[in-house]
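Structural overview for review
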Amino acid sequence: MYPTVSKSLPLSLLALASVSLADDNAESVSTLSFKNAFVNSGIVPEVIPALDPAVSFYATYKTEGDSNHSELLIPGSSLTVNEISTLPIEFSVENLNNATNITAQTRYLIYLLDADAPARSNPTARNLRHWLAGNFTLNGQNSSVLSTAQRLARPPNAGAPFTNFTAPKPDANSGVHRYIMALYTQPARFNTAGFESVGMEREVANWNLSRWRTQLGLGPAIGATYFVIDTGANGGNGTSAPQGLNNQGGNGGNNNNAGGQGGDNDTNAAGGIKASSVYVLGLTALAAVFGGLIMV
(Lines give C-alpha, C1' and ligand atoms only; values in the text may rest on other atoms or scores of the structure.)
Protein backbone atom coordinates (compact mmCIF):
# COMPACT_ATOMS: atom_id res chain seq x y z
CA MET A 1 0.00 0.00 0.00
CA TYR A 2 1.15 3.59 -0.43
CA PRO A 3 0.38 6.77 1.56
CA THR A 4 -1.98 9.40 0.30
CA VAL A 5 -0.15 12.22 2.03
CA SER A 6 2.33 11.31 3.75
CA LYS A 7 26.92 -6.24 -2.47
CA SER A 8 26.89 -5.97 -5.92
CA LEU A 9 30.50 -4.93 -6.34
CA PRO A 10 32.68 -7.51 -8.02
CA LEU A 11 34.65 -8.81 -5.01
CA SER A 12 37.01 -11.76 -5.05
CA LEU A 13 35.90 -14.80 -3.07
CA LEU A 14 38.78 -14.17 -0.70
CA ALA A 15 37.51 -10.65 -0.06
CA LEU A 16 34.04 -12.03 0.54
CA ALA A 17 35.52 -14.34 3.15
CA SER A 18 36.95 -11.35 5.01
CA VAL A 19 33.53 -9.64 4.91
CA SER A 20 31.94 -12.65 6.60
CA LEU A 21 34.62 -12.84 9.30
CA ALA A 22 34.85 -9.17 10.21
CA ASP A 23 31.42 -7.83 11.08
CA ASP A 24 30.63 -4.71 9.07
CA ASN A 25 33.90 -4.88 7.14
CA ALA A 26 32.45 -2.93 4.24
CA GLU A 27 34.31 -1.80 1.13
CA SER A 28 34.17 1.50 -0.74
CA VAL A 29 32.19 1.84 -3.94
CA SER A 30 33.61 4.07 -6.66
CA THR A 31 31.53 6.90 -8.03
CA LEU A 32 31.79 5.25 -11.45
CA SER A 33 30.22 2.10 -10.00
CA PHE A 34 27.31 4.14 -8.63
CA LYS A 35 26.90 5.74 -12.04
CA ASN A 36 26.95 2.42 -13.88
CA ALA A 37 24.53 0.82 -11.42
CA PHE A 38 21.92 3.49 -12.11
CA VAL A 39 22.22 2.90 -15.85
CA ASN A 40 22.12 -0.89 -15.55
CA SER A 41 19.01 -0.73 -13.33
CA GLY A 42 17.13 1.47 -15.80
CA ILE A 43 16.82 4.31 -13.30
CA VAL A 44 18.88 6.34 -15.75
CA PRO A 45 17.35 7.60 -17.96
CA GLU A 46 13.81 6.69 -16.82
CA VAL A 47 13.81 8.48 -13.45
CA ILE A 48 16.77 10.80 -13.80
CA PRO A 49 18.13 11.58 -17.26
CA ALA A 50 21.73 11.08 -16.12
CA LEU A 51 23.81 10.65 -13.00
CA ASP A 52 27.42 11.72 -12.60
CA PRO A 53 27.95 11.55 -8.83
CA ALA A 54 30.71 13.57 -7.23
CA VAL A 55 30.56 11.55 -4.00
CA SER A 56 29.97 7.97 -2.96
CA PHE A 57 26.74 8.10 -0.96
CA TYR A 58 25.91 5.34 1.51
CA ALA A 59 23.20 4.28 3.92
CA THR A 60 23.60 1.74 6.73
CA TYR A 61 20.83 -0.59 7.86
CA LYS A 62 20.28 -3.40 10.34
CA THR A 63 20.02 -6.83 8.73
CA GLU A 64 16.93 -8.91 9.40
CA GLY A 65 17.40 -11.62 12.01
CA ASP A 66 20.45 -9.99 13.59
CA SER A 67 19.84 -6.58 15.12
CA ASN A 68 23.51 -6.36 16.09
CA HIS A 69 24.71 -6.56 12.50
CA SER A 70 24.86 -3.38 10.42
CA GLU A 71 25.28 -3.57 6.67
CA LEU A 72 26.38 -0.95 4.17
CA LEU A 73 23.77 -0.40 1.50
CA ILE A 74 25.33 -0.38 -1.94
CA PRO A 75 23.49 0.31 -5.21
CA GLY A 76 21.23 -2.61 -6.08
CA SER A 77 21.15 -4.16 -2.59
CA SER A 78 18.03 -6.27 -2.12
CA LEU A 79 16.30 -5.55 1.19
CA THR A 80 13.30 -6.93 2.98
CA VAL A 81 10.37 -4.83 4.17
CA ASN A 82 11.55 -5.38 7.75
CA GLU A 83 15.04 -4.10 6.98
CA ILE A 84 13.64 -0.78 5.80
CA SER A 85 10.82 -0.51 8.35
CA THR A 86 12.75 2.41 9.84
CA LEU A 87 15.12 4.92 8.36
CA PRO A 88 18.70 3.75 7.81
CA ILE A 89 20.69 4.06 11.01
CA GLU A 90 23.17 6.40 9.32
CA PHE A 91 24.08 8.14 6.07
CA SER A 92 27.67 8.76 5.01
CA VAL A 93 29.75 10.06 2.12
CA GLU A 94 33.19 9.57 0.61
CA ASN A 95 35.07 11.83 -1.82
CA LEU A 96 33.26 14.94 -0.60
CA ASN A 97 36.21 17.05 -1.71
CA ASN A 98 35.23 16.22 -5.31
CA ALA A 99 31.96 18.14 -4.98
CA THR A 100 31.99 21.84 -5.83
CA ASN A 101 31.14 24.73 -3.50
CA ILE A 102 31.31 22.59 -0.37
CA THR A 103 32.32 24.18 2.92
CA ALA A 104 32.23 23.13 6.56
CA GLN A 105 28.92 24.99 6.85
CA THR A 106 27.26 23.30 3.87
CA ARG A 107 23.99 21.54 4.62
CA TYR A 108 22.46 18.70 2.66
CA LEU A 109 19.05 17.22 1.92
CA ILE A 110 18.10 13.61 1.25
CA TYR A 111 14.99 11.97 -0.17
CA LEU A 112 13.67 8.42 -0.46
CA LEU A 113 11.19 7.55 -3.20
CA ASP A 114 9.57 4.50 -4.79
CA ALA A 115 9.98 4.63 -8.56
CA ASP A 116 7.54 1.74 -9.12
CA ALA A 117 4.46 2.56 -7.02
CA PRO A 118 1.98 1.08 -6.59
CA ALA A 119 2.95 -1.74 -8.97
CA ARG A 120 5.81 -2.31 -11.35
CA SER A 121 3.41 -3.06 -14.20
CA ASN A 122 1.17 -0.06 -13.49
CA PRO A 123 3.17 2.71 -11.75
CA THR A 124 0.38 5.27 -11.48
CA ALA A 125 1.90 6.76 -8.32
CA ARG A 126 5.44 6.77 -9.68
CA ASN A 127 8.09 8.69 -7.73
CA LEU A 128 6.17 8.17 -4.50
CA ARG A 129 8.00 10.17 -1.84
CA HIS A 130 8.56 8.19 1.36
CA TRP A 131 10.78 10.76 3.04
CA LEU A 132 12.36 14.16 2.48
CA ALA A 133 14.55 15.94 5.04
CA GLY A 134 17.05 18.75 4.95
CA ASN A 135 19.66 20.35 7.22
CA PHE A 136 22.00 17.37 7.25
CA THR A 137 25.57 18.28 8.17
CA LEU A 138 28.83 16.44 8.65
CA ASN A 139 28.88 15.49 12.33
CA GLY A 140 32.64 15.00 12.63
CA GLN A 141 32.46 11.22 12.89
CA ASN A 142 33.29 8.43 10.48
CA SER A 143 30.78 5.81 9.41
CA SER A 144 30.33 2.92 11.84
CA VAL A 145 30.78 0.43 8.98
CA LEU A 146 33.15 2.22 6.58
CA SER A 147 35.95 4.16 8.24
CA THR A 148 36.77 6.15 5.09
CA ALA A 149 33.26 7.65 4.91
CA GLN A 150 32.07 10.69 6.86
CA ARG A 151 28.73 10.62 8.63
CA LEU A 152 25.86 12.95 7.81
CA ALA A 153 23.36 13.74 10.55
CA ARG A 154 20.57 16.17 11.36
CA PRO A 155 21.17 18.23 14.51
CA PRO A 156 18.46 18.20 17.20
CA ASN A 157 17.35 21.71 16.25
CA ALA A 158 16.96 20.86 12.56
CA GLY A 159 13.18 20.77 12.74
CA ALA A 160 10.80 18.16 11.37
CA PRO A 161 11.40 16.62 7.94
CA PHE A 162 9.29 18.08 5.15
CA THR A 163 7.95 14.56 4.54
CA ASN A 164 8.02 12.28 7.56
CA PHE A 165 9.32 8.78 6.94
CA THR A 166 6.73 6.26 5.75
CA ALA A 167 8.08 2.71 5.61
CA PRO A 168 7.93 1.03 2.20
CA LYS A 169 5.23 -1.65 2.17
CA PRO A 170 4.66 -2.54 -1.48
CA ASP A 171 1.78 -4.87 -2.27
CA ALA A 172 2.65 -8.53 -2.74
CA ASN A 173 3.35 -9.56 -6.33
CA SER A 174 3.52 -5.96 -7.52
CA GLY A 175 6.93 -6.46 -9.10
CA VAL A 176 10.42 -5.48 -8.07
CA HIS A 177 10.33 -1.97 -6.66
CA ARG A 178 13.33 0.33 -6.96
CA TYR A 179 13.76 2.72 -4.06
CA ILE A 180 16.05 5.68 -4.70
CA MET A 181 17.87 7.81 -2.14
CA ALA A 182 19.56 10.95 -3.42
CA LEU A 183 21.81 13.55 -1.79
CA TYR A 184 21.79 17.26 -2.69
CA THR A 185 23.54 20.33 -1.34
CA GLN A 186 20.96 22.55 0.32
CA PRO A 187 20.66 26.22 -0.63
CA ALA A 188 21.46 28.35 2.42
CA ARG A 189 18.03 30.03 2.42
CA PHE A 190 16.46 26.73 3.55
CA ASN A 191 18.65 26.54 6.63
CA THR A 192 15.89 28.42 8.45
CA ALA A 193 12.97 28.19 6.01
CA GLY A 194 10.83 25.24 4.96
CA PHE A 195 10.43 24.01 1.40
CA GLU A 196 6.79 25.15 1.44
CA SER A 197 8.15 28.71 1.37
CA VAL A 198 8.80 28.27 -2.36
CA GLY A 199 5.51 26.53 -3.08
CA MET A 200 6.45 22.88 -2.63
CA GLU A 201 3.34 20.77 -2.04
CA ARG A 202 2.84 18.02 0.55
CA GLU A 203 1.36 15.54 -1.95
CA VAL A 204 3.75 12.59 -2.23
CA ALA A 205 2.52 10.56 -5.22
CA ASN A 206 3.71 11.35 -8.76
CA TRP A 207 6.39 13.64 -7.40
CA ASN A 208 7.71 15.86 -10.18
CA LEU A 209 11.43 15.95 -9.47
CA SER A 210 12.24 18.45 -12.20
CA ARG A 211 9.73 20.93 -10.84
CA TRP A 212 10.95 20.37 -7.29
CA ARG A 213 14.54 21.05 -8.23
CA THR A 214 13.52 24.23 -10.02
CA GLN A 215 11.42 25.43 -7.08
CA LEU A 216 14.25 24.94 -4.61
CA GLY A 217 16.99 26.11 -6.95
CA LEU A 218 18.89 22.85 -6.62
CA GLY A 219 21.80 21.69 -8.70
CA PRO A 220 22.10 18.02 -9.70
CA ALA A 221 22.33 15.36 -7.02
CA ILE A 222 25.91 15.03 -5.78
CA GLY A 223 25.29 11.39 -4.88
CA ALA A 224 22.60 8.72 -5.04
CA THR A 225 22.04 5.08 -4.23
CA TYR A 226 19.15 2.63 -4.50
CA PHE A 227 17.85 -0.67 -3.19
CA VAL A 228 15.18 -3.08 -4.39
CA ILE A 229 12.34 -4.99 -2.74
CA ASP A 230 11.14 -8.11 -4.53
CA THR A 231 7.42 -8.33 -3.78
CA GLY A 232 7.23 -11.86 -5.16
CA ALA A 233 9.38 -13.22 -2.33
CA ASN A 234 7.39 -14.31 0.73
CA GLY A 235 4.61 -11.88 0.01
CA GLY A 236 7.01 -9.00 -0.28
CA ASN A 237 8.49 -9.52 3.17
CA GLY A 238 11.27 -12.01 2.45
CA THR A 239 14.60 -11.64 0.76
CA SER A 240 14.80 -11.71 -2.99
CA ALA A 241 17.20 -13.95 -4.83
CA PRO A 242 20.59 -12.50 -5.82
CA GLN A 243 20.19 -10.79 -9.17
CA GLY A 244 23.76 -10.73 -10.42
CA LEU A 245 26.61 -8.29 -10.24
CA ASN A 246 25.44 -6.12 -13.14
CA ASN A 247 29.02 -5.42 -14.21
CA GLN A 248 29.32 -2.52 -11.81
CA GLY A 249 33.08 -2.62 -11.30
CA GLY A 250 35.09 0.54 -11.28
CA ASN A 251 36.30 0.05 -14.85
CA GLY A 252 33.35 -1.82 -16.32
CA GLY A 253 29.62 -1.43 -16.72
CA ASN A 254 27.57 0.63 -19.06
CA ASN A 255 28.74 4.16 -19.68
CA ASN A 256 25.60 5.38 -21.43
CA ASN A 257 24.26 8.75 -20.33
CA ALA A 258 27.65 9.71 -19.01
CA GLY A 259 26.86 13.42 -18.94
CA GLY A 260 25.90 15.45 -15.90
CA GLN A 261 22.67 14.91 -14.02
CA GLY A 262 19.50 16.77 -14.68
CA GLY A 263 15.70 16.77 -14.71
CA ASP A 264 13.91 13.60 -13.48
CA ASN A 265 10.80 11.51 -14.08
CA ASP A 266 10.08 7.73 -14.40
CA THR A 267 11.47 4.08 -14.04
CA ASN A 268 12.07 0.22 -14.94
CA ALA A 269 14.44 -2.83 -13.89
CA ALA A 270 16.53 -3.99 -10.95
CA GLY A 271 19.79 -5.56 -9.89
CA GLY A 272 22.01 -6.26 -6.94
CA ILE A 273 23.02 -8.90 -4.42
CA LYS A 274 21.66 -9.42 -0.92
CA ALA A 275 24.00 -8.91 2.00
CA SER A 276 23.11 -12.32 3.41
CA SER A 277 24.17 -13.89 0.12
CA VAL A 278 27.53 -12.17 0.44
CA TYR A 279 27.86 -13.68 3.90
CA VAL A 280 27.17 -17.21 2.61
CA LEU A 281 29.56 -16.80 -0.29
CA GLY A 282 32.21 -15.56 2.11
CA LEU A 283 31.91 -18.66 4.27
CA THR A 284 32.14 -20.84 1.17
CA ALA A 285 35.28 -19.08 0.02
CA LEU A 286 36.82 -19.31 3.48
CA ALA A 287 36.16 -23.03 3.64
CA ALA A 288 37.77 -23.47 0.25
CA VAL A 289 40.86 -21.53 1.31
CA PHE A 290 41.34 -23.56 4.49
CA GLY A 291 40.72 -26.73 2.51
CA GLY A 292 43.69 -25.96 0.32
CA LEU A 293 41.59 -25.16 -2.72
CA ILE A 294 42.05 -22.12 -4.94
CA MET A 295 38.83 -20.69 -6.37
CA VAL A 296 38.82 -18.17 -9.20
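How each quantity is defined
Residues numbered from 1 in each chain as written. Predicted model: local features only at pLDDT ≥ 70, side-chain atom pairs only at ≥ 80, totals over all residues. Heavy atoms only, no water. Salt bridge = Lys/Arg side-chain N within 4 Å of Asp/Glu carboxyl O. Buried < 20%, exposed > 50% of the residue type's maximum accessible area, 1.4 Å probe, protein only. Helix = DSSP H or I, 4+ residues; strand = E, 2+ residues; numbered from the N terminus. Core = buried A, V, L, I, M, F, W, Y, C linked by side-chain atoms within 4.5 Å. Contact = heavy atoms within 4.5 Å.

Named according to an unreviewed UniProt entry, the protein chain is Phosphatidylethanolamine-binding protein originating from Podospora pseudoanserina.

Turning our attention to the pattern of salt bridges. Between side chains of opposite charge, pairing is possible as soon as their charged atoms come close. As enumerated under the stated definition, the model contains 6 salt bridges in all. A salt bridge links Arg120 to Asp116; its shortest N-O distance comes to 3.4 Å. A single burial state applies to Arg120 and to Asp116, both of which are buried. One salt bridge in this structure joins Arg178 and Asp116, with 2.8 Å as the shortest N-O distance. Highlighted residues: Arg178 in strand β8 (residues 176–186) and Asp116 in the loop between β5 (107–114) and β6 (128–142), separated in sequence by 62 residues. For the residue pair Arg178 and Asp116, the accessibility class agrees, reading buried in each case. Three or more residues joined by partner-sharing salt bridges are found here, namely Asp116, Arg120, Arg126 and Arg178.

What follows concerns the nonpolar core. Counting 30 residues, the largest nonpolar core has Phe38, Tyr111, Leu132, Ile180 and Trp212 as the members making the most contacts within it. Among the elements of the structure, α2 (31–40), α3 (43–46), β5, β8, α4 (209–216) and β9 (223–230) are those that each provide at least two residues to this core. When residues in this core are grouped by element, the largest group, 4 residues, is from β8. Not counting residues within four places of it along the chain, the set of residues in contact with Ile180 comprises Phe38, Ile43, Val47, Tyr111, Leu112, Leu113, Ala115, Thr225 and Tyr226.

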